[in-house]
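Descriptive analysis of the structure
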Amino acid sequence: MPTENHNFAFANNPPIMTPPIDIPIELTTSSRLPEIDFSNLEFGKHTADHMLTVEYDNGVWQQPRIVPFGEIKLSPTSLVLHYAQTVFEGMKAFKMDDGKVSVFRMDKHYKRFLKSLERMCMPALPEDIFKEGIKALVKTDKAWIPNIEGGALYLRPFMIATEQRLGVKVSDKYLFMVVTSPVGPYYPKPLNMKIETEYVRAAEGGTGYAKCGGNYGASFLPTQLARQQGFDQVLWTDAKEHKYLDEAGTMNVMFVIDGVLTTPPLSTSILDGVTRDSILTLAPELGMTADERRITVEELESALSEGRVTEAFGAGTAAVVTPIQSISIRGNAYQLPEWNNDSFMVKVKNKLGDIRHGQEADAKGWNTVV
Ligand code: COI
């Protein structure tokens, strides 16, 4: 389907905004914070008091602002509503032991956001709007970071196409926003997974590596069907042959097979997970060899049936490190061994937590203190 050509800066060529960036803040007059029970948080149900918002119009980013959280006005013909030109990020801010607040791996998230924007033919967001905007927003709502085990302020930067048009075209207008939400663990219990060999999440050359809304909408039906069969999540396989493992849609997947941390390599159908990358980076420090390689369903099934898979888990910003307790392959369910304090997944989760909360030195420079 042909689309009209529009001349604006694409994600691989970010427009420069003249620093220093000034972000006016309009504070709420009635905080909702007293209504929130931090000991009973449903992921993403509550949003903090403020949000960041900035518009893009015909090649120019406008003034970013922090305003009280609230509804936005959209025309029913906004392109995003019809053709799903939208991308997002998922990040977290943590309260550190010394009382400071930090955002985890801001740079890696920004770079992934740019890649997603490029794939969806959307304009690059200047680095200072993303980074300074998030820092100012997190600072404004730092009281919303829950002080509970596994708690964080989840940050949801996103961009939508707002031009009013029903013709299939690349939008000339966009809205970038960041909303935040106090969260606990995304999956409160270990997962029963089903290897999906009928439906497809993403094909090579498609949008699987981009964090775009369509990838998630397309996974709803197969996930719903799997839930009706008693599973929590599906583990996607490649679109061509259903032969190789990809990812789980809300998280990347990792296994310890024959004592080696093994995970599918990045491709155009897999999201470049920030937690995945952090775990692979930290693995050697925990004495674990890591191998990024294609894993066939057949290999996984043999290894499971021979007891050579000692650990299986999901890794993601929301999921953090979530244990998988069973994997079903074409109707055969394989149970994973119980994990304990010596399990790699427990050790790496603790190490990540220690870095994020400042209990361990941030040797990689992953924390941005706001
Ligand atoms: C994340 O881990 O941040 C995600 O975006 C996964 C899901 C909550 C959509």
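Residues numbered from 1 in each chain as written. Predicted model: local features only at pLDDT ≥ 70, side-chain atom pairs only at ≥ 80, totals over all residues. Heavy atoms only, no water.

Overview of the confidence of the model for the protein chain
For the protein chain, mean pLDDT is 94; residues scoring 70 or higher make up 95% of the total. Throughout residues 1-10 the model reports pLDDT below 50, and contacts reaching past four residues in sequence, or to other chains, amount to 25 contacts. Low pLDDT (under 50) marks residues 13-19, which in the prediction has ten contacts with non-local residues, meaning those over four places away or in another chain. (pLDDT = per-residue confidence, 0-100. Contact = heavy atoms within 4.5 Å.)

Side note on the packing of helix α6 (residues 274-282) against helix α8 (residues 344-356)
Direction vectors running N to C along α6 and α8 enclose 105 degrees, while the axes themselves pass 11 Å from each other. For the element pair α6 / α8, the angle class is roughly perpendicular. On α8, the residues that touch Thr 275, Ser 278, Ile 279 and Leu 282 of α6 are Phe 344, Val 348, Lys 351, Leu 352, Ile 355 and Arg 356. (Axes fitted to C-alpha atoms, helices over the stretch in contact; angles between N-to-C directions. Helix = DSSP H or I, 4+ residues; strand = E, 2+ residues; numbered from the N terminus. Parallel < 35°, antiparallel > 145°, perpendicular 65-115°, else oblique.)

A word on the packing of aromatic side chains
Tallied over the full model, the rule gives twelve aromatic pairs. An angle of 35 degrees between the planes, with centres 6.3 Å apart, marks the rings of Phe 130 and Phe 176 as tilted. With Phe 130 in helix α3 (residues 127-140) and Phe 176 in strand β8 (residues 173-183), the pair connects residues that are 46 residues apart, well separated along the chain. Overall, the relative accessible area of 0% leaves Phe 130 in the buried class. On the basis of an interplanar angle of 85 degrees and a centroid distance of 4.8 Å, the ring pair of Tyr 186 and Tyr 187 is categorised as edge-to-face. A residue is classified by how much of its surface remains accessible, and Tyr 186, at 31% relative accessible area, is partly exposed. A connected cluster of aromatic rings, assembled from ring pairs, spans Phe 43, Tyr 154, Tyr 186 and Tyr 187. Geometry around Phe 104 places Arg 356 over its ring, the cationic atom sitting 4.3 Å from the centre. Against the face of Trp 366 rests Lys 364, its NZ or CZ located 6.0 Å from the ring centre. (Phe/Tyr/Trp six-rings, centres within 6.5 Å; stacked < 30°, edge-to-face > 60°. Buried < 20%, exposed > 50% of the residue type's maximum accessible area, 1.4 Å probe, protein only. Lys NZ or Arg CZ within 6 Å of the ring centre and 35° of its normal.)

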